[in-house]
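Here is what each chain is made of, one letter per residue.
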Amino acid sequence: MSEQPFKVSVPDADLDLLHQKLDLVRFPDELEEAGWEYGTPLADVKRLVAHWKDGFDWRKAEAEINELPQFTRDIEVDGFGALNIHYIHQKSTVENAVPLLFVHGWPGHFLEARKIIPLLTSASPEHPSFHVVALSLPGFGFSEGPKKKDFSIKQYPEVANKLMLALGYDEYVTQGGDWGFIISKAMAHMYGHKHVKAWHTNCPVGQPPSPSKNPFRFLLFMVTPWSAEERAGIMRTQAFRKEGSGYMQLQSTRPQTLGYNLADSPAGLLAWIYEKLVTWTDNYPWTDDEVLTWISVYWFSRDGPAASLRIYKELLKLGPEVMASGAQYSTVPLGLSYFPKELFCLPRAWSQSIGNVVHESVHEHGGHFAAFERPDDLANDVRAMFGKGGPAYGVVPGKNGYA
Amino acid sequence: MSDEQPFILSVADADIDLLNKKLQLVRWPDELQGADWDYGSPLTDIQRLVARWKDGYDWRKVEAEINELPQFTRDIKVDGFGALNIHYVHQKSTVKNAIPLLFLHGWPGSFLEVRKVLPILTEASADHPSFHVVAPSLPGFGPSEGQHKPEFDGSKYAEVVNTLMLTLGYTEYVVQGGDWGSFLGRKLAAQYGSTSVKAWHTNYPNVQQPPSLLRFPSLYLAHLFTPYTASEKAGLERTKWFLSTSRAYFQEQATKPQTIGYTFADSPVALLAWIYEKLVQWTDGYPWTDDEVLTWISVYWFSRAGPAASVRIYYETVTTGEYHTLPWSPVPCGLSYFPKELVVAPRAWARTIGNVVFESAHESGGHFAAHEKPVELVADVRDMFRKGGPAFGVVGGRTGYD
């Protein structure tokens, strides 16, 4: 089936069920002065649930989402049949704009691109413009998810690449964070040069230099003391692994068990995701409506919130070697943006192992959801990478981003 | 109120109504084809259990059966935390000099784990020792009040149960436990070994590393020169399975107990799926009936402090570092090895847990030994404390025989 225009339209019955459940929420207690130490604070969850029941207007939020040009189309995936994929597709008025695919992660979704789309598609002689495609990954948002096991490091890139080709973008660039980083990296490996001409990420996760692969850099690494910034970044990374990665272990080993929690309890889903929205961002001033819109996309997602967890198991069960081999180093040009409150804040020198780094940009503010928290910063970085005089200018033949 | 009050479990009608309303509104996740147990609790199992919970499972009947156990509550003061109202089962043997035994459950267990072993432990006979049994609900579990402030760590849980025994007049006693009951047994032996705790037995020798040369030189040497038996090798495989694929619940509960707590408090299905997974994967082919499962879950659903409170023990003991640095104690220790336990350490490793004077290995059985293998577990405990046994007479004046 070819492209169909799409509008989010949650059935009344689903809205009713949500409200019936919200009326029956049973809250846990909380230890005195717990703050954020034990997880999402009770006062926050109670306030958000109260607003969700009585104040948050989903139909209004839905109408605003539907101002974005959305579509669905079937994408055939080897061994999995056709999946109906949902995406935003916003063209620039600049005909030769650079086709750019935005890939979200978890607990993100296609709406993470909503602030950056007007910036990237806008026309100006001062900067390049982009045609933007922001898909819902299979099993997220309004995309159908796979029904069989082992939809993994090859399949997510396959869907994304086939979508771009189906839209007539034979050559394009990608931007992503979280799983968007892993998927973009795999895409650069699988389709680099032929289709993927360059990629950009705000979530660079590199490896330390290895003595066999880069002996000189390894030596430098061994003799150069950490800067204060690097030390802080490593400690942040370690703290994440020690205290903040329980969700990742669960989702990569028992996504079905956790899935019951997230499918059946709106308060539970809210607490689960809100914890990340707050702890993974750099003091982003979330409004309650923003949070509830975000959570609602998960609550009302086509396959339900449990489906979104499976990416962790399917990719991480492969083990680090297979994951890495599915996303090997590619010579395709790579741009990096560093935000201080990202989860993995590894020394910048390590990023050289990710790919062919041609552009780097360091920021003073911002966290994991960069496109949502710091859209201007991210857009500027992407523009600088692909603009006239930039290291990836004209990387897509015939589509340099300018009129 | 610090005096003992007899306790009858009696869940409020309103609470049962709320559960039923929620069960009517369950929203299910989907499931991958052929998933079976690979991704977690299977959908067919959970749907079947919920159908029974809605229609057929009779909580009031179950409650009445639970109330055949002699239950009590009393306030127990804890340094820095005020008084907590603690629930416990207390069954004396007809043998006057029976050995006082503190039976400690874990997570996702409860005081109900004592049900099957209680009649056997208290039974009188010339051929084996008898026990007076006290089986509390740990703070935050079952009908016991939970702590209200942070930093209620393992030493506090130990303080509660020790104070309970002293208040009941058992100035010296022995401990039996698995899961958190094993951790607490070890903790009690260290904290109160010179005063009230005279011996401890566990069915969960949770030792995850081999003996070090410095701390346990003879065990180290024995370990170096003795090849693992077939069952020890199988045990290491089981341990590897647990630690590398099945411990995420622990990590979550030890870091974000409040976050996961919202799902337990609000969704009976979530609580069911979460706990059922352990009931099946941690046991050795135990033939759970649906009603048994639903009773275990209901104890959590209807618990006094709510199900979220029960997982704080993970956070507090791990954050203090207690969990990984339990001290050795000279108090006599007994071990029972069950092959489907979660950590099945080779003997040389397990013997570092304490002053091991008794060991017994079994061909079958898993994590919930008192529930799966009550006869075998009690046989082990009896052998440890019987006339001629390695811990005979540890409690002054109470040999277990009249």
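If you're wondering where the values come from, they're calculated on a predicted model, not measured in any experiment. (Residues numbered from 1 in each chain as written. Chains lettered and ligands numbered in written order. Predicted model: local features only at pLDDT ≥ 70, side-chain atom pairs only at ≥ 80, totals over all residues. Heavy atoms only, no water.)

Here we come to the overall build of chain A. The helix and strand tally for chain A stands at 16 helices and 9 strands. The C-alpha atoms of chain A give a radius of gyration of 21 Å, which matches the 22 Å a tight globule of 403 residues would have. If one aligns the C-alpha atoms of chain A with their principal axes, the spans along those axes are about 60 × 50 × 45 Å. Counting all 403 residues of chain A, 61% fall into the buried class. Considering only contacts in chain A between residues 6 or more positions apart, those separated by 24 or more positions represent 78%. For chain A, the accessible surface area stands at approximately 15200 Å², while carbon and sulfur atoms represent 53% of it. In chain A, which carries 38 positive and 47 negative side-chain charges, the distance between the mean positions of the two groups comes to 6 Å. (Helix = DSSP H or I, 4+ residues; strand = E, 2+ residues; numbered from the N terminus. Rg over C-alpha atoms; globule rule 2.2 N^0.38 Å. Buried < 20%, exposed > 50% of the residue type's maximum accessible area, 1.4 Å probe, protein only. Contact = heavy atoms within 4.5 Å. Areas by Shrake-Rupley, 256 points an atom, 1.4 Å probe, with all protein chains shown as cover. Lys, Arg positive; Asp, Glu negative; His and termini not counted. Charge placed at Lys NZ, Arg CZ, Asp CG, Glu CD.)

This part is about helix H12 (residues 288–299) of chain A. Residues and elements named next belong to chain A. The end-to-end C-alpha distance of H12, which contains 12 residues, comes to 16 Å, matching closely the 16 Å that a straight helix rising 1.5 Å per residue would cover. Taking burial as the measure, the 12 residues of H12 include 11 buried ones, the bulk of the element. All buried positions along H12 are accounted for by Asp288, Glu290, Val291, Leu292, Thr293, Trp294, Ile295, Ser296, Val297, Tyr298 and Trp299. In this structure, the buried residues of H12 make contact with helix H1 (12–23), helix H2 (42–53), helix H3 (58–65), helix H10 (255–264), helix H11 (266–279) and helix H15 (370–373). (Expected span 1.5 Å × (residues − 1).)

Here we take up the pattern of salt bridges. Residues and elements named next belong to chain A. Inspection of every chain in the model, using the stated rule, returns 37 salt bridges over all chains. A salt bridge links Glu158 to Lys162; its shortest N-O distance comes to 2.8 Å. Of this pair, Glu158 and Lys162 both sit in helix H5 (residues 155–166), separated by 4 residues, roughly a single helical turn. On the basis of relative accessibility, which here comes to 9%, the residue Glu158 falls in the buried class. (Salt bridge = Lys/Arg side-chain N within 4 Å of Asp/Glu carboxyl O.)

What follows is about the packing of helix H11 (residues 268–281) of chain B against helix H12 (residues 290–301) of chain B. A pair of packed helices is characterised by two quantities: the angle between their axes and the separation of those axes. All names here are of chain B. Contact geometry for H11 and H12: axes closest at 10 Å, N-to-C directions at 125 degrees. Comparing their axes, H12 and H11 come out oblique. You can see that H11 and H12 cross each other, and the crossing is right-handed. Here H11 contributes Pro268, Leu271, Leu272, Ile275, Tyr276 and Leu279 to the contact with H12, which in turn contributes Val293, Leu294, Trp296, Ile297, Tyr300 and Trp301. Class assignment for the residues of the contact of H11 with H12 results in 12 nonpolar, no polar and no charged. (Axes fitted to C-alpha atoms, helices over the stretch in contact; angles between N-to-C directions. Parallel < 35°, antiparallel > 145°, perpendicular 65-115°, else oblique. Left-handed = near helix turned anticlockwise from the far one by under 90°. Nonpolar A, V, L, I, M, F, W, Y, C, P; charged D, E, K, R; others polar.)

Quick look at the side chain of Arg312(B) now. Tracing the backbone shows Arg312(B) in helix H13 (residues 312–319). Reaching out from Arg312(B), the side chain makes a polar contact with the side chain of Gln258(B) at a distance of 3.1 Å. Once residues within four sequence positions are removed from consideration, Arg312(B) is found in contact with Asp29(A), Glu30(A), Leu31(A), Gln147(B), Pro257(B) and Gln258(B). (Polar contact = N/O pair within 3.5 Å; in protein donor to acceptor, adjacent residues only side chain to side chain.)

Turning next to the packing of H1(A) against H2(A). Residue and element names in this part refer to chain A. Remark: H1 packs on H2, axes separated minimally by 10 Å, with the N-to-C direction vectors making an angle of 135 degrees. With respect to H2, the axis of H1 lies oblique. The element H1 and its partner H2 pack so that their crossing is left-handed. Here Leu18, His19, Leu22 and Asp23 of H1 come into contact with H2, specifically with Val49, Trp52 and Lys53.

Now for the packing of aromatic side chains. Residue and element names in this part refer to chain A. Enumeration according to the criterion identifies 54 aromatic pairs over all chains in this entry. Ring centres of Trp286 and Phe372 lie 5.5 Å apart, and the angle between their planes is 15 degrees; this geometry places the pair in the stacked category. Placement of Trp286 in the loop between H11 and H12 and of Phe372 in helix H15 is noted, with a sequence separation of 86 residues between them. The class for Trp286 is buried, based on a relative accessible area of 14%. (Phe/Tyr/Trp six-rings, centres within 6.5 Å; stacked < 30°, edge-to-face > 60°.)

Tallying the contact residues gives 60 residues for chain A and 61 residues for chain B. Between chain A and chain B lies a buried interface of about 5300 Å² when both sides are counted; carbon and sulfur atoms form 54% of it. When the buried surface of chain A facing chain B is broken down by residue, Arg26(A), Tyr38(A) and Tyr260(A) rank first, second and third, together holding 17% of it. Remark: the boundary between chain A and chain B carries 4 salt bridges. Across the salt bridge formed by Asp29(A) and Arg312(B), the nearest N and O atoms sit 2.9 Å from each other. At the surface where chain A touches chain B, the tally comes to 42 residue pairs in polar contact (both at pLDDT 80 or more). Elements supplying a minimum of two residues to the side of chain A that touches chain B: H1, H2, helix H8 (228–243), helix H9 (246–253), H10, H11 and helix H13 (310–316) of chain A. The element that contributes the greatest number of residues to the side of chain A that touches chain B is H10(A), accounting for 10 residues. Per-class residue counts for the side of chain A that touches chain B are 26 nonpolar, 13 polar and 21 charged. (Buried area = accessible area lost by both parts, 1.4 Å probe.)

The next subject is the pairing of strand E2 (residues 70–77) of chain A. Residues and elements named next belong to chain A. Where burial is concerned, most of E2 is hidden: 6 out of the 8 residues are buried. Relative to E2, strand E1 (residues 4–6) is paired through 3 bridges, and the arrangement is antiparallel. Across the sheet, Gln4 pairs through a bridge with Thr72, a residue of E2. Taken together, the 8 bridges between E2 and strand E3 (residues 81–90) define a ladder with antiparallel strand orientation. Bridged to Val77 within E3 is Gly81. The antiparallel hairpin formed by E2 and E3 contains 3 residues in its connecting segment, where Gly79 sits at a positive phi of about 85 degrees. (Pairing = 2+ DSSP bridges.)

What follows deals with the nonpolar core. Grouped together as the largest cluster of nonpolar side chains are 240 residues, with contacts concentrated most on Leu135(A), Leu270(A), Trp107(B), Leu188(B) and Leu272(B). Setting aside residues no more than four positions away along its own chain, Leu188(B) makes contact with Leu102(B), Leu104(B), Ala158(B), Val161(B), Asn162(B), Tyr173(B), Val175(B), Gly193(B) and Val197(B). (Core = buried A, V, L, I, M, F, W, Y, C linked by side-chain atoms within 4.5 Å.)

Let's shift gears to the sheet that holds E2(A). Residue and element names in this part refer to chain A. With mixed pairing, 9 strands are arranged side by side in an open sheet as E1-E2-E3-E5-E4-E6-E7-E8-E9. With one partner strand each, in any of the chains shown, E1 and strand E9 (356–362) form the two edges of the open sheet. For this sheet, the mean angle separating the axes of adjacent strands, direction not counted, is 30 degrees. Across 5 bridges, strand E4 (residues 98–103) lies against strand E5 (residues 130–135) in parallel orientation. Among the inter-strand pairings, Pro99 is bridged to a residue of E5, identified as His131. Taken strand by strand, helix H16 (residues 375–386) contacts E4, E5, strand E6 (172–176), strand E7 (196–201), strand E8 (333–338) and E9, and its axis lies near 145 degrees from that of E7.

Residues and elements named next belong to chain B. Along the chain, the position of Pro332 falls in strand E8 (residues 332–337). Classification of Pro332 as buried rests on a relative accessible area of 18%. Distance in space between the C-alpha atoms of Pro332 and Ala309 is 32 Å, their sequence separation being 23 residues. Among all residues touching Pro332, those that are not within four sequence positions of it are Lys198, Ala199, Trp200, Asn355, Val357, Met384 and Val394.

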